[in-house]
Structure formats: structure tokens, C-alpha cells
Amino acid sequence: MLTVEGISTYYGNIQALKEVELKVNEGEIVTLIGSNGAGKTTTLLTISGLLKPAQGKVTFLGRTITGVPPHNIVKMGISHVPEGRRIFPLMTLMENLEMGAFGRTDKRAIKEDLDMVFQTFPQLKGREKQMAGTLSGGEQQMLAMGRALMSRPKLLLLDEPSMGLAPMIVKEIFQIIEKINRQGTTILLVEQNAQMALKTAGKGYVLETGKIVLQDNASALLENDDVRKSYLGE
Amino acid sequence: MISTYYLQIIILAGINIIMATSLNLIVGYTGQLSIGHAAFMSLGAYASAIATLHLGFPFIAALLFGAVVAGLFGVLVGIPTLRLKGDYLAIATLGFGEIVRIIFLNLQITGGAVGLRGIPKQTTLLWVIAAAIFTLFVLRRILNSRVGRALIAIREDETAAESMGINTMYFKTLSFGVGAFFAGFGGGLFAHYFRYIHPNVFGFMRSIEHLCMVVLGGLGNMWGAMLGAVALTAIPELLRAGAEYRLLAYGAILVLMMRARPQGLLGESEQTGGSIRRKIRIFSRGADTLKKT
């Protein structure tokens, strides 16, 4: 479904990604783990078109999407939940969700998707008119995910959904991720919480200073000595 | 009837309402800090004045002509400069304002440093009221639509807006163009009221004055911008008795105001939001502060 071939992305003169290669098949949950500054977020930003790679290419459903502006990539079916949630604080919860469906005009299908989002995130129900900035961290994360689902993505990019959340809520968020995946959305998940991510995902990549250093089935990575030492704190 | 003195203040307040609300669209709603609004006003003023003087346009056509010229320049300037953010955009718009002023100071057709004289006096109180209502009506329609939400999304978080599938450049340019259009509209009214325009009338200080109106009233709140426009037109007049000290008092009022209510007269902060504002539509909602720009 998604193929990333040898992308190198720079911030000015600093090379953040060094020929990153990865592949996501339809229906999978793939996770990308690594420490701070390894390039996880950069990888997602490059896929969704918010950053342009200096080399390499990204293909999605057989089409090259490198160089395509981000708003068109969203239309092709990739939705990005950015790091730190980045909801629109001075908009109501409902307006935030409507923003997710911005490029769409099919009112009836949008209504259906709204119902679907409220079903997936029952906590958001009944608070449609609340200012999003007044929601709790966990609720904001759910809103950010719901907002991304409103574009009816085929592939959902999740950037650190567990960031800054209480363990209980992290658990809940991961259950929801599995639920979204079961409903037919492919997921590329970036996480620092390697334990949770590898338990949820089918396949995993380990990123270190801009390079993919390991790739395997998630369950195998959980058993891998290097991974256990570096990312699971054992 | 009203004395000419008061009439002039009321008309100026009306024009300033148009200027402040149109600037509010750019700064308060879209979050793009522009300090060259007076340049678009001058483009509208000169274009409409030339249209009536040399091309024999009827008043309303001249006004629209001025507005369209300003709007086109808004789009032309917006396309390259709106890629800049915050302070950089502010400096670019400031530079544009100076370029326009100096060009008008040197062109033949605009009367150069002598200014443009003999513009027929066609702006009446009724015209100004109608024009202000028209401006507010259009801005309201824009803001309470899908476009308004896109603009606010850009203000709140440009990257997030982009990843939501919003073509941010398009909407920023649209907002800039519409803002410039109405600034030009206001400029046309101004030219046809005072009958004489000079490039220095539309200098940097005029742009700052417009910005003060918006910030004082409350960024991202149209009622606030209107209140700011009226207040900052009236206060210098009320202080006229203080002669040269009046600008000192004016400045002090602005400083105290920002200390007491940084979110502006009608702006509301994020913290006080929530339930109270449930029913308020985008048109009269406030942005937190300038922090985003």
C-alpha cells in the first residue's frame, strides 16, 4: 500500500533521515519505534508531504506522492495525526471534526462518518459544542484521531498518540487503535512507548539517528535483545 | 442637523470600521500579521480618484474599481509574502507599504508630492453607512462559512490545518485579497470625502493605527474591531483640548488597555471560553492573543 524508498530529508543542512526504507501493507498496523530525535516524526511528515525529501520517493497505492502538496495527499487517503495532537483549541469539538472532513462535499457520508467517530470515541459524545482547548489530554488525543478519521483515510499516520497521557488512558488509546484497524484502516504508528506499540502492531521498524537499523515482526522485536536493552529498559 | 465637525468624525469612524474589520480578517482570523493595510487603502483611494477624475466613472463604479485594484494587489503581494511567517511577514508588508507610498510620491498621474486634488466630494454619511454594512455583511458570510473555519484553523495551527487537507496558501491569499479589497473600498470613500489625497496620509502610522483598532477591540472579533475603530477615531478628538499632549495620553490609554485586557475589549481568552461562548458564532468570537502570529 505504502512504500517508502530511500528517502533522505534535511532540515537546512542537517540530515534527519538517511535513506529510510519501509513498507506498509493494506490492513496492517506497522510501528516505527526509536528514541528522541531518531527521525520518526520526520518520516511521517515526509510521507504526508509536509516535508519534502531531498532524495528517494514515496508511493501510495501505486502512485508516487513525493512532491504532491499535503492537501492533495489527504484527498488520496492518507491522514496524519500530528505529534502533540494539535487540535484547534479555539474551535468547538464539532468544528474540529468538521475540519477533518474539509476536502469533502458528500454531506451524507460525512454525517455517517461523524456517527462512526462518536461510536469509536463515546467520550466525545454530548460535548460537541465544547471548546476543544478545554478538553483533557486524552480527550484531545481522541479528538485528533477522530478528526483524522473524518477524511475517511485508507492509511492513518499516528504520531506518538501516547505522549503525555496517563497509563490507563494510553491503554484505552491503544485499544481504540486496534479497533480502528479492525474497521479497515491501515495504520502506521510512531511511538516512544515501544512496549505498547510492539504489542499492538504486526510489524515493526527501529529507527536510529535517521536510519532504519532493524525490521521484523513486532513479536520478534519484542524478544530481540538489542530492542529490549535500548527501548524496553531491560 | 449634525455639525460638519461631528459629521467628519462619524464618517471617519465609518471608514475606519471598514479598515479595521477588513484587517481583522487577515490578522485576527487568519493570524497573518500585516502592517501594510494603509497601502491597500491608498491603492483604492488613488485608483478610485483617478477613475472619477480621468475616466469619468460614476461614484459606485469608481469605488469598486479602487477596491478591485487593491484586492488584486493584495493577491499579488500575498502570493510571495504569505510564505513568510510572523515577524517576517510583518516586515514584508511594512516594506510593501513603503514601496507603494514612494511610488505614489513619484508618479505623475497621482500628482507626486503635491498629492491628488479636486476629487469630487461624493461620499456622504449614507454612503459610508451602506458601505460599512456591506463590508460587515460580506465578512460575516465569509467567516460563518467553511472558508471562515479554514482561516481560523490556519490561525490556530497552520501545520495541523495543512495536514487536514486545507490548502493553506490558497486560503491565506484569499483572506489577504479580500482584506485588501475592502481596504481599497475604504480608501475610495476616504478620497471622495476629503477630496485631497497625499501619499503620506497612508503611511506606516496609518497602518499601525488600523492594527491598534483591531488589537484594542479584540483580535478575531468583528464587534471588537468596530468598537476599536470608533474608539480610536473618537479618543484623539476628545483629547484635542490637550493640544500636543493628546498623543501622549492616547499612547498611555493604549498601554493601560493592553495591561488590563490583553485580549482586547471584546476578545475572550481561551480560559474563559467553554460554555459561555457556546452560542457565539465565529463572527464574534475572540482569539486569545497575538501569540500565534
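Rules used in this analysis
- Residues numbered from 1 in each chain as written.
- Chains lettered and ligands numbered in written order.
- Predicted model: local features only at pLDDT ≥ 70, side-chain atom pairs only at ≥ 80, totals over all residues.
- Helix = DSSP H or I, 4+ residues; strand = E, 2+ residues; numbered from the N terminus.
- Rg over C-alpha atoms; globule rule 2.2 N^0.38 Å.
- Buried ≥ 20, exposed ≤ 12 C-beta atoms within 10 Å, placed from the backbone.
- Contact = placed C-beta atoms within 7 Å.
- Pairing = 2+ DSSP bridges.
- Nonpolar A, V, L, I, M, F, W, Y, C, P; charged D, E, K, R; others polar.
- Axes fitted to C-alpha atoms, helices over the stretch in contact; angles between N-to-C directions.
- Expected span 1.5 Å × (residues − 1).
- Core = buried A, V, L, I, M, F, W, Y, C linked by C-beta atoms within 7 Å.
- Left-handed = near helix turned anticlockwise from the far one by under 90°.
- Parallel < 35°, antiparallel > 145°, perpendicular 65-115°, else oblique.
- pLDDT = per-residue confidence, 0-100.

Another point: the overall build of chain B. Looking only at helices and strands, chain B has 11 helices and zero strands in total. Its C-alpha atoms give chain B a radius of gyration of 18 Å, within 12% of the compact-globule value 19 Å for 293 residues. For chain B, the spread of C-alpha atoms along the principal axes amounts to about 55 × 45 × 30 Å. The buried share among the 293 residues of chain B stands at 53%. Nonlocal contacts in chain B, meaning residues at least 24 apart in sequence, comprise 78% of its contacts between residues at least 6 apart.

This next bit is on the overall build of chain A. Along chain A, the regular secondary structure elements total nine helices and 12 strands. Taken over the C-alpha atoms alone, chain A extends approximately 45 × 40 × 30 Å along its principal axes. Residues classed as buried in chain A amount to 49% of the 234 residues present. Sequence-distant contacts, at least 24 apart, represent 67% of the contacts inside chain A between residues at least 6 apart.

Once that is clear, we can look at the sheet that holds strand β6 (residues 55-60) of chain A. Backbone hydrogen bonds hold the strands of a sheet together, and the pairing may be parallel or antiparallel. Residue and element names in this part refer to chain A. Here we have four strands laid out as an open sheet, ordered β4-β1-β6-β7, and antiparallel in their pairing. Looking at the sheet topology across the chains shown, the edges are occupied by β4 (20-24) and β7 (63-64). Two strands pair when backbone bridges link them, and β6 and β7 are joined in this way by two bridges, in the antiparallel orientation. From the neighbouring strand, Thr-59 faces β7, where its bridge partner is Thr-64.

Chain A puts 25 residues into the contact, and the matching count from chain B is 21 residues. Looking at the side of chain A that touches chain B, the elements that each hand over two or more residues are α2 (70-76) and α3 (93-100) of chain A. Of the residues belonging to the side of chain A that touches chain B, the class tally is 11 nonpolar, nine polar and five charged.

Residues and elements named next belong to chain A. Taken in spatial order, the six strands of this open sheet run β8-β9-β10-β5-β11-β12, and their pairing is mixed. The outermost strands of the open sheet, each flanked by one partner alone, are β8 (78-81) and β12 (211-217). Here the strands of the sheet are splayed against their neighbours by 15 degrees on average, with no regard to which way each runs. For β8 and strand β9 (residues 155-159), the ladder comprises four bridges, and the chain directions are parallel. Residue pairing in the sheet places Ser-79 in a bridge with Leu-156 of β9. The strands touched by helix α6 (residues 167-182) are β5 (29-33), β9 and β10 (186-191); relative to β10, the strand with the most contacts, the crossing angle is about 155 degrees.

With that settled, consider unusual backbone geometry. Residue and element names in this part refer to chain A. At Glu-19, a position not held by glycine, the phi torsion is positive, near 45 degrees. Mapped onto the secondary structure, Glu-19 falls in the loop between β3 (14-15) and β4. In the Ramachandran plot, Glu-160 falls in the positive-phi region, its phi being about 45 degrees despite a non-glycine side chain. Exposure remark for Glu-160: the 22 C-beta atoms within 10 Å place this residue in the buried category.

Looking now at helix α11 (residues 246-260) of chain B. In this model α11 of chain B runs 21 Å from its N-terminal to its C-terminal C-alpha over 15 residues, within 8% of the 21 Å that 1.5 Å per residue would give. In terms of burial, α11 of chain B is a largely surface element, zero of the 15 residues being buried.

A few words now on the pairing of β6 of chain A. Residue and element names in this part refer to chain A. Sheet topology note: the strand β1 (residues 2-8)/β6 ladder contains five bridges and is antiparallel. Following the sheet pairing, Val-4 is matched in β6 by Val-58. Between β6 and the antiparallel strand that follows it, β7, lie two residues; Leu-61 among them carries a positive phi value of about 50 degrees.

Core analysis: the largest hydrophobic core is formed by 156 residues, its most contacted members being Leu-189 of chain A together with Ala-229 of chain B. If we skip the residues at most four places from it in the chain, Ala-229 of chain B touches Ala-13, Asn-16, Ile-17, Met-19, Ala-20 and Met-213 of chain B.

The next subject is the packing of α3 of chain A against helix α5 (residues 137-149) of chain A. Residue and element names in this part refer to chain A. Following both chains from N to C, one finds α3 and α5 inclined at 35 degrees, their axes separated by 6 Å at the closest point. Of the two possible hands of crossing, α3 and α5 adopt the one that is right-handed. Residues Leu-93, Asn-96, Leu-97, Met-99 and Gly-100 of α3 pack against Leu-143, Gly-146, Arg-147, Ala-148 and Leu-149 of α5. For the contact of α3 with α5, the class distribution of residues is six nonpolar, three polar and one charged.

Bringing the pairing of β1 of chain A into the picture now. Note that β1 of chain A and β4 of chain A share four bridges and pair antiparallel. Counterpart to Leu-2 of chain A in the pairing with β4 of chain A is Val-24 of chain A.

Another aspect to go through is the environment of Arg-140 of chain B. Residues and elements named next belong to chain B. Position of Arg-140 relative to the elements: it lies in helix α5 (residues 125-143). For Arg-140, a count of 17 C-beta atoms within 10 Å corresponds to the partly exposed category. Here the alpha-carbon distance between Arg-140 and Met-222, two residues 82 residues apart in the chain, equals 8.6 Å.

The subject of this paragraph is the environment of Leu-89 of chain B. Residue and element names in this part refer to chain B. Relative to the assigned elements, Leu-89 resides in helix α4 (residues 86-106). Given 22 C-beta atoms within a 10 Å radius, Leu-89 is considered buried. Along the sequence, Leu-89 and Gly-267 sit 178 residues apart, while their C-alpha atoms lie 23 Å from each other. For Leu-89, the residues in contact, after removing those within four places along its chain, are Gln-32, Leu-33, Thr-81, Leu-82 and Leu-84.

Once that is clear, we can look at the packing of helix α1 (residues 4-29) of chain B against helix α10 (residues 222-238) of chain B. All names here are of chain B. In the contact formed by α1 and α10, the axes pass within 8 Å of each other and the chain directions differ by 140 degrees. By the angle class used here, α1 and α10 are oblique. Here α1 runs over α10; the crossing is right-handed. Residues Ile-9, Leu-12, Ala-13, Asn-16, Ile-17, Met-19, Ala-20, Thr-21 and Asn-24 of α1 touch α10, and the partners they reach there are Met-222, Ala-225, Met-226, Gly-228, Ala-229, Val-230, Thr-233, Ala-234 and Glu-237. Here the residues of the contact of α1 with α10 sort into 12 nonpolar, five polar and one charged.

Before going further, it helps to spend a moment on helix α8 (residues 168-194) of chain B. The end-to-end C-alpha distance of α8 of chain B, which contains 27 residues, comes to 39 Å, matching closely the 39 Å that a straight helix rising 1.5 Å per residue would cover. With respect to burial, α8 of chain B is a largely interior element, 24 of its 27 residues being buried.

Attention now goes to the confidence of the model for chain B. Residue and element names in this part refer to chain B. Counting all residues, the mean pLDDT for chain B is 88, and 90% of those residues have values of 70 or more. In this model residues 269-280 is a low-confidence stretch, pLDDT under 50, and it forms 19 contacts with partners more than four residues away in sequence or in other chains. Low confidence marks residues 288-293, where pLDDT is under 50. Its contacts with residues over four positions away, or in another chain, come to 14 contacts. Overall fold confidence (pTM) sits at 0.86, and the ipTM for the predicted complex is 0.83.

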